[in-house]
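One-letter residues, chain by chain:
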Amino acid sequence: MSTLQFLMDGFSIAFQWQNILFAFVGVLIGTAVGVLPGIGPMSGVALLIPVTATITSGMPTEAAAASSIILLAGVYYGAMYGGSTTSILLNTPGESSSVVTTLDGYQMARQGRAGAALSIAAIGSFAAGIVSLIGLVLLAEPLSNIALQFGPAEYFSLMLLGLAAVSGLAGKSMTKALMMTVFGLMLGTIGIDAVSGIARFTYDLPILYSGLEFLTIAVGLFALGEVFKTILEREHEDGTIAKIGRILPTKQDLKDSAKPIMRGSLLGFFIGVLPGAGATLASFFSYIAEKKFSKTPEKFGTGAIAGVAGPESANNAASGGAMIPLLTLGIPGSGTTAILMGALIMYNIQPGPLLFDDHPEVAWGLIASMFVGNLMLLILNMPLVKVFAKIIETPKKYLLPIIIAISFFGVYAVQYTTFDLFLLLACGILGYLLVKNDFPVAPLVLALVLGPMIENNLRRALTISNGDFMIFFTKPLSLILLIVAAAWLLIPLLLKFKGRTIVLNEED
Amino acid sequence: MSKTFDRFAGIIFLLIGLLFVIESQRISESSYGSEVGPDIFPIGLGTILILLSARLLYETFRYEAVIKNEESIKYKKFFIIFISAVLYAALLEPLGYVITTFLFLVIAFQTMESGKWLQTLVIATAFSFGVYYLFAEFLGGSLPGFPEF
């Protein structure tokens with residue numbers, strides 16, 4: 001069957017009434033997550049996994065997985081749309097990927113052009129979403145065919161590359177990022193070893209035999225960590241929300257932003273495909289690029305519409321691009337995609353090259369639903385932006401305790417043990433402390449998800465080579481991947497050594 | 001970044017790495033016919049973590065401490081909410097979901113900002129009953145609803 005045929009099948013799945021509903025709920029919650037400062041896409045997705053797991057529990061596994069992932073991915077790219085709203089209206093970015101939008105977006109709002117800024121952000125995000133989806137459709141097949149040639153050695157090196165990329169860009173200190181990665185891998189070894197069936201680090205506690213639940217740790221580190229931070233260091237919500245006014249952009253606005261949107265989409269897509277470089281980095285690069293391309297660079301920072309259109313397109317395109325390594329190679333490139341991967345594994349569906357053959361309805365259903373979801377977001381964000389702006393006013397007094405209650409419910413409903421609730425609370429504290437002291441937690445979660453797979457491939461490769469580690473260097477593809485991984489860690493170090501400042505990826 | 005925290009974290013992670021290496025020696029021999037047993041990976045990871053922690057400790061002696069304007073940290077609020085969350089977890093099974101959730105939300109709402117009792121009670125009731133009935137009755141999930149007498 002041709003790609004087009006698969007895509008059509010995907011649409012027939014995406015247009016099932018329950019999946020339309022799931023996509024709608026996903027993008028709606030995603031927009032809300034994007035608008036609310038303090039909850040990022042990562043905690044939003046993590047919080048919703050248990051909820052979707054229970055809603056879909058009556059369905060056959062594959063359909064349940066397709067529906068859940070449609071909803072969860074909707075939260076992810078929906079958040080990219082919503083993030084711009086607070087940046088423009090309040091000068092407070094809802095997500096780290098919308099930080100640069102504040103520069104020109106808020107200035108536009110002060111000049112009474114908030115409506116135009118918001119609608120350009122929505123149109124740009126939509127165009128970018130479509131561009132990245134077309135890229136995803138075109139690249140999915142060839143990339144998974146390449147990945148099918150991979151043996152255990154290549155897979156091991158590829159996953160190492162994924163981890164190296166995320167750690168290399170994750171925070172202010174690479175030592176800390178690497179420590180978090182290794183710690184995540186170590187947590188992943190707790191439980192019964194899948195290869196030999198021997199219990200490791202369980203100390204005869206039956207609760208540990210199945211290992212530490214990834215979901216509990218992710219919700220604890222991200223969602224609870226952020227809640228604890230807000231309770232402890234409550235920022236005063238001052239600043240007034242700018243009036244939105246006229247929503248439709250003028251012809252001149254559209255003309256000025258058409259090129260930035262296209263450039264931002266392409267740039268964002270390619271940055272998104274790279275592991276480790278996420279939406280935040282994409283929006284930064286796009287802003288810098290627009291300033292370079294512009295005939296009037298001095299206008300940037302005073303309300304140039306290109307400074308909103310470019311970055312907002314780029315961050316949405318990056319979130320689409322990030323789905324490519326996840327779906328075709330089975331390697332998540334960012335914290336949020338790691339969580340999406342964890343969700344797929346919960347349904348016993350392994351992302352990777354075989355996904356498109358084994359579970360076409362999940363893979364293509366998701367891709368098709370992203371087209372539908374982006375359209376929904378465009379419709380939602382243009383006329384309803386005033387409604388979403390109201391969400392900003394949700395009092396923290398009610399929001400924070402309810403987030404704690406939802407995470408309790410979610411974890412308990414999936415795990416049925418009080419142990420996981422205590423683990424959740426402990427991870428919340430740990431998450432708060434680690435993030436506060438520049439220990440990035442995204443690599444930890446990524447490592448926890450990839451850990452068992454890395455170990456299996458390592459041991460399979462070493463079994464093939466009779467314990468000779470040279471197997472990773474003698475296979476050409478594996479060697480290339482390892483060299484790239486090493487470069488990813490060494491180049492920032494070298495640049496730092498030379499005294500250059502480097503753009504770092506915030507967690508997204 | 002706080003030097004004390006970094007040193008403390010460096011020592012803790014160093015110990016964790018050490019513990020992993022030592023405890024890995026106790027993992028029983030595998031019957032799986034390979035030279036690569038279940039202990040190789042944890043030993044390797046433990047060793048790397050020890051090296052990285054040592055590196056972090058070394059770094060803490062190199063950089064200048066950055067003095068941040070510490071914002072007022074609301075320990076009291078946090079501890080009340082955290083302790084009620086611990087109690088929530090401990091009592092969830094014996095007392096059931098509805099009662100514990102309701103109590104937790106009421107305490108947490110009032111701790112965040114006291115006053116507006118009517119709103120607090122309405123939201124807490126709606127959430128605890130709403131989630132329970134939607135989940136247990138409508139979706140057929142299992143959740144301990146009320147205490148068993």
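As annotated in an unreviewed UniProt entry, chain B is Tricarboxylic transport membrane protein from Planomicrobium stackebrandtii.

Within an unreviewed UniProt entry, the label attached to chain A reads Tricarboxylic transport membrane protein, and the organism entered is Planomicrobium stackebrandtii.

Draft legend 1. Structural context of the UniProt feature "transmembrane region" (unreviewed entry) in chain B. All names here are of chain B. As recorded in UniProt, the feature "transmembrane region" (unreviewed entry) lies at residues 40–58, 78–111 and 117–135. For residues 40–58, the end-to-end C-alpha separation is 27 Å, with 100% helix and 0% strand making up the annotated structure. Along residues 117–135 the backbone is 100% helical and 0% strand, and the end-to-end C-alpha distance reaches 27 Å.

Draft legend 2. Representation of the confidence of the model for chain A. A residue-level look at chain A finds 95% of positions with pLDDT of 70 or above and a mean pLDDT of 85. When mean pLDDT is compared element by element in chain A, helix H19 (residues 418–436) of chain A scores highest at 93, while helix H17 (residues 385–391) of chain A scores lowest at 78.

Draft legend 3. Here's a closer look at helix H12 (residues 306–321) of chain A. The terminal C-alpha atoms of H12(A) lie 22 Å apart, and with 16 residues this matches the ideal 22 Å at 1.5 Å per residue to within 8%. Counted residue by residue, H12(A) has 16 buried out of 16 residues, so it is predominantly covered.

Draft legend 4. Layout of the side chain of Gln110(B). In this structure, Gln110(B) sits in helix H4 (residues 97–112). Judged by relative accessible area, which is 12%, Gln110(B) ranks as buried.

Draft legend 5. Fine view of the interface of chain A and chain B. Taken together, the contacts link 60 residues of chain A with 71 residues of chain B. Taking both partners together, chain A and chain B bury about 5800 Å²; carbon and sulfur atoms supply 76% of that area. If you look at where chain A meets chain B, you find 1 salt bridge. The salt bridge partner of Lys176(A) is Asp6(B), with a shortest N-O separation of 2.9 Å. Our count for the chain A to chain B interface comes out at 9 residue pairs in polar contact (both at pLDDT 80 or more). Per-element tally for the side of chain A that touches chain B: the top contributor is helix H18 (residues 396–415) of chain A, with 13 residues. The residue inventory of the side of chain A that touches chain B, partitioned by class, reads 37 nonpolar, 12 polar and 11 charged.

Draft legend 6. Main features of the nonpolar core. Phe228(A), Met323(A), Ile339(A), Ile367(A), Phe408(A), Phe472(A) and Tyr97(B) are the most contacted members of the largest nonpolar core, which has 186 residues in total. Here this core gathers at least three residues from each of two domains, domain 1 (3–60) and domain 2 (75–138) of chain B. For Tyr97(B), the contacting residues outside a window of four places in its chain are Ala405(A), Phe409(A), Tyr88(B), Leu92(B), Phe127(B), Ser128(B), Val131(B), Tyr132(B), Leu143(B), Pro144(B) and Gly145(B). Grouped together as the second largest cluster of nonpolar side chains are 18 residues, Leu89(A), Ala114(A), Ala116(A) and Val385(A) included.

Draft legend 7. Inspection of the confidence of the model for chain B at higher detail. When pLDDT is averaged across chain B, the result is 84; 85% of the residues are at 70 or more. Taken element by element, the predicted model of chain B shows its lowest mean pLDDT in helix H5 (residues 117–138) of chain B (88) and its highest in H4(B) (93).

Draft legend 8. Spotlight on the side chain of Thr230(A). Note that Thr230(A) resides in helix H9 (residues 214–232). Look past the residues within four positions of Thr230(A) in its chain and what remains in contact with it is Lys396(A) and Leu400(A).

Draft legend 9. Representation of the pattern of salt bridges within the structure. Residue and element names in this part refer to chain A. Going through the model one piece at a time under the given rule, you end up with 10 salt bridges over all chains. Asp193 is the salt-bridge partner of Arg459, the closest N and O atoms lying 2.8 Å from each other. Here Arg459 is found in helix H20 (residues 442–464), whereas its partner Asp193 is found in the loop between strand S1 (191–192) and strand S2 (199–200), with 266 residues between them in sequence. Neither residue differs from the other here; Arg459 and Asp193 are each classed as buried.

Draft legend 10. Quick look at the packing of aromatic side chains. Within the structure shown, the criterion is met by 25 aromatic pairs over all chains. With centroids separated by 4.9 Å and ring planes inclined at 15 degrees, the aromatic side chains of Tyr88(B) and Phe104(B) adopt a geometry described as stacked. Taken together, the residues Tyr88(B) in helix H3 (residues 75–95) and Phe104(B) in helix H4 connect sequence positions 16 residues apart. In terms of burial, Tyr88(B) and Phe104(B) fall into one category: buried. In this structure an aromatic cluster arises from ring pairing among Phe228(A), Tyr75(B), Phe78(B), Phe79(B) and Phe82(B). Sitting over the face of the ring of Phe439(A), Lys176(A) holds its NZ or CZ atom 4.9 Å from the ring centroid. The residue whose ring lies beneath Arg7(B) is Phe61(B), and the NZ or CZ to ring-centre distance is 4.3 Å.

Draft legend 11. The arrangement of unusual backbone geometry in detail. Residue and element names in this part refer to chain A. Although it is not a glycine, Tyr203 sits at a positive phi angle of roughly 50 degrees. Within the secondary structure layout, Tyr203 lies in the loop between S2 and H9. Within the chain, Asp438 stands out as a residue other than glycine whose phi angle is a positive 65 degrees. With respect to the secondary-structure elements, Asp438 resides in the loop between H19 and H20.

What counts, and at which threshold
Residues numbered from 1 in each chain as written. Chains lettered and ligands numbered in written order. Predicted model: local features only at pLDDT ≥ 70, side-chain atom pairs only at ≥ 80, totals over all residues. Heavy atoms only, no water. UniProt positions renumbered as here; feature names shortened; annotations may be inferred. Helix = DSSP H or I, 4+ residues; strand = E, 2+ residues; numbered from the N terminus. pLDDT = per-residue confidence, 0-100. Expected span 1.5 Å × (residues − 1). Buried < 20%, exposed > 50% of the residue type's maximum accessible area, 1.4 Å probe, protein only. Contact = heavy atoms within 4.5 Å. Buried area = accessible area lost by both parts, 1.4 Å probe. Salt bridge = Lys/Arg side-chain N within 4 Å of Asp/Glu carboxyl O. Polar contact = N/O pair within 3.5 Å; in protein donor to acceptor, adjacent residues only side chain to side chain. Nonpolar A, V, L, I, M, F, W, Y, C, P; charged D, E, K, R; others polar. Core = buried A, V, L, I, M, F, W, Y, C linked by side-chain atoms within 4.5 Å. Domains from an automatic or database assignment. Phe/Tyr/Trp six-rings, centres within 6.5 Å; stacked < 30°, edge-to-face > 60°. Lys NZ or Arg CZ within 6 Å of the ring centre and 35° of its normal.

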